[in-house]
Structure formats: structure tokens, C-alpha cells
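Close look at the chain arrangement
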Amino acid sequence: NALNFSGGPGALPEVVLNQVQQAIINVPEAGLSILGISHRSDWFENVVRETENNIRTLLGLPSDYHILFLQGGATQQFSMVPMTMLRGKKHPAEYFDTGYWSRKVVTEAMREGPVRVIWSGEQHGYRRLPTDEELDFSPDAPYIHYVSNETVEGLQFNRILGRDDVPRVCDMSSDFLSKPCEADKFSLIYAHAQKNIGPAGVTIVLVRDSVVQNAPDNLPSFLDYRRQVESHSNFNTPPVFAIYVVLLVTRWLLNEVGGLENMTQINQQKAKLLYGLIDGSNDFYRPWGEAAFRSDMNVAFNLPTKDLEALFLNEATAAGFSGLGGHRAIGGVRASIYNALTLGAVEKLTGFMEDFRFKHHA
Ligand code: PLP
């Protein structure tokens, strides 16, 4: 297989892929292929329960949080959150404009109620995130929302934003379970699976019970967290396969990686290696983000010319590196180094980058 540096869907651990392969043929407990097992079976009920427990253990999540496995991707949460927490509110919810994904979130929230964008990266070309001195949160906001890791630009917050008396909501799609995240400081966290913890098709939502209790009464059932909680993520036919793969990844995180502290150490090592090479490249590789805000998950950079970038991407593909093209919104190169992408794979990439630079340095 090629080494998967794609922004998403990302790589999965090899051991998980082997287990999935087996499960597609036969899940012994059910005597069926995973692709044909009923979502109403005891087997699947156990899958949901264990996956929830594993996530609870990994994050140390208190019991007043529900864990949901929903469909519609992270994009559906862009709307479900304000439908639940913003409808009919007088004071604006506070949102950020830190990159490609947070801009999309703001557009959807504005359909549901008043929104204030409290900081925008536009004047900085989306190359950095705000410092605390630049932020002034209102105590009256119904909630604040931010994206913890901007997948496209490769910018990541390494601190928690907001004030303790205003609910925090966070899109953690591209760094969920890549490190500890103090989940109990948030009222709602959502993350689709296809970066660090599984295939596309399921989105994980952690939501505090008080948010669920205060939801409006007139939401469509499917978009009502309350109904999803009542039915234990089994309101309609859920993506059994995707949830099962998430279970396998959480087992891997717990039993083989040894928890999120270990995972973050490995992830930091990978990022350090790659940024080290970029920063030491005498301006051949040019990082997109300012150093203090660069992501451990998505390493975005440019080369001196568009032609060199195209050549780099062609040669990288030929050498067995997949998915290195930058997001269509900003171009350039992006190496996404999610949980399952190994240190060995990053070493191979840095080796390739070094060779490429020596060949082409003007
Ligand atoms: N939020 C972030 C941070 C993302 O990176 C993405 C997609 O990559 C999305 C939201 C949209 O996710 P989905 O395609 O699951 O709706």
C-alpha cells in the first residue's frame, strides 16, 4: 500500500485493517459478515456500549455526558448545534473565523440565530490563530464555538478558549483522540471519524446532559439530540460497519498505544520531525502557518514555485506517498499525519523531502 498522508479519510492502523478484513468475511459471534449484521442485534448493542465505554475511558469523561454516533458528518453538526442551542436566543453565540472549516460553520449558524464572529484570521491570510490578548468573550453568549484544528491550513489551538461560565462547543474533527482534550470543559464536542478514528460514515458527539434537556421541543426527530440519546444511537439504521471500525480503533488506542498521553507523544514526535526538516530547509520548504499555531496533525507548506510543487507531488506519488496535495482551497502541499500514520512513514517522507531538496535547490 501507498503511505496515506491524505487530509481525510486518513490511514487506519494495520492491525485494525486486518481485523476489519476478517469481519467482512465473518464475525464469529454472529456467524455473519459485518456488512449484513442487524443494527437491532445484541452483538451491535454490545459494540455501541463498548465503543462508548472506551471513549469514556480514553477521555476520562464524566457520567453526565452522552456519547452519540450520528450520521451526516461533521457538517450536520454545523446546523444541529445552533438548532439546539441558538434558536430563539437574544444574545449572539460567539464563533471564530480561523480557516476554511470555521467559515463554513459560521454560515450555517447564522441561519439559526444571532452570531458574532469574535476573531477573524482573514487579515492574517489565515496563517495564524488568535492569542488570548486578542479575544474578549461576552458572559451573555449562549455558547462559543471553535474548530480546534483547522485541517486545511494546518493551524491548531494548543489551549482551551472561552470562559468557564459560557458553554464551549468544539469541532474536533481533525484532532479528536489524537491527544487528551479536557473534554469536561466543553458542553458539546463533535468529530467525524475519518481522520483519526475510523472510516467516513459516523460522527461522534459528546454532549452534556443539560444541553440535551434544554433543547427546543420542535426539532425534527433525527436532528434532536434528545431522541438520539433515548435511542442509544439507534434511532434509524446506523452505520454499523463504521461504528465497528471505531470500536477497533479505540481498542487499539487503549491496549496497544496505551492511551492518549502516549498517542500525543508519538504525534508530537512525528510533527517535530517534519517541521524540523521544513524549518531547516533554508526556505526551500515554506510552512503555511506561523510557528506558534502550527498543527501536529496537518503540516501545510509551499515550495519556491508552482512548478516545483507540481514536480514534488508527482515524484512523491511515484515514490509511494499518497494524498500530499494541499486542499483545493489553498493549494500547496499538506502532509496529514493522523494517529495511524507511523513515525516510520514520516521518516520516509522526510528522507524523500531531503533528497528532493538537494536535487532541486537552486
Ligand atoms: N470540520 C473539519 C475540521 C473538517 O476537517 C471537515 C472535513 O474535512 C469537516 C468539518 C466536514 O466534515 P464532513 O465531511 O464529515 O461533514
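Here the structure is a predicted model, which is why all the values come from computation and not from measurement.

Parameters and conventions
Residues numbered from 1 in each chain as written. Predicted model: local features only at pLDDT ≥ 70, side-chain atom pairs only at ≥ 80, totals over all residues. UniProt positions renumbered as here; feature names shortened; annotations may be inferred. Helix = DSSP H or I, 4+ residues; strand = E, 2+ residues; numbered from the N terminus. Contact = placed C-beta atoms within 7 Å. Domains from an automatic or database assignment. Nonpolar A, V, L, I, M, F, W, Y, C, P; charged D, E, K, R; others polar. Near = placed C-beta within 6 Å.

1. Some remarks on the UniProt feature "modified residue: N6-(pyridoxal phosphate)lysine" (unreviewed entry) in the protein
Residues annotated by UniProt as "modified residue: N6-(pyridoxal phosphate)lysine" (unreviewed entry) correspond here to Lys 195. Along the chain, Lys 195 falls in the loop between strand E9 (188-192) and strand E10 (203-208). In contact with Lys 195, not counting residues within four places along its chain, are Gly 8, Gly 10, Ser 173, Ser 174 and Tyr 338.

2. Here's the deal with the domain arrangement of the protein
Here the domain parsing of the protein yields domain 1 (14-257) and domain 2 (259-360). Computed from C-alpha atoms alone, the centre-to-centre distance between domain 1 and domain 2 is 27 Å. Taken residue by residue, the interface counts 23 residues in domain 1 and 24 residues in domain 2. Broken down by secondary-structure element, the contributors of at least two residues to the side of domain 1 that touches domain 2 are strand E7 (155-156) and helix H7 (240-257). The residue inventory of the side of domain 1 that touches domain 2, partitioned by class, reads 10 nonpolar, 7 polar and 6 charged.

3. A short note on the site of the ligand
Near the ligand, the surroundings consist of Gly 8, Gly 73, Ala 74, Thr 75, Trp 101, Val 147, Thr 151, Asp 171, Ser 173, Ser 174 and His 192. Broken down by element, the shell around the ligand gets its largest block of residues, 3 residues, from helix H3 (residues 73-85). For the shell around the ligand, the residue count by class is 3 nonpolar, 7 polar and 1 charged.

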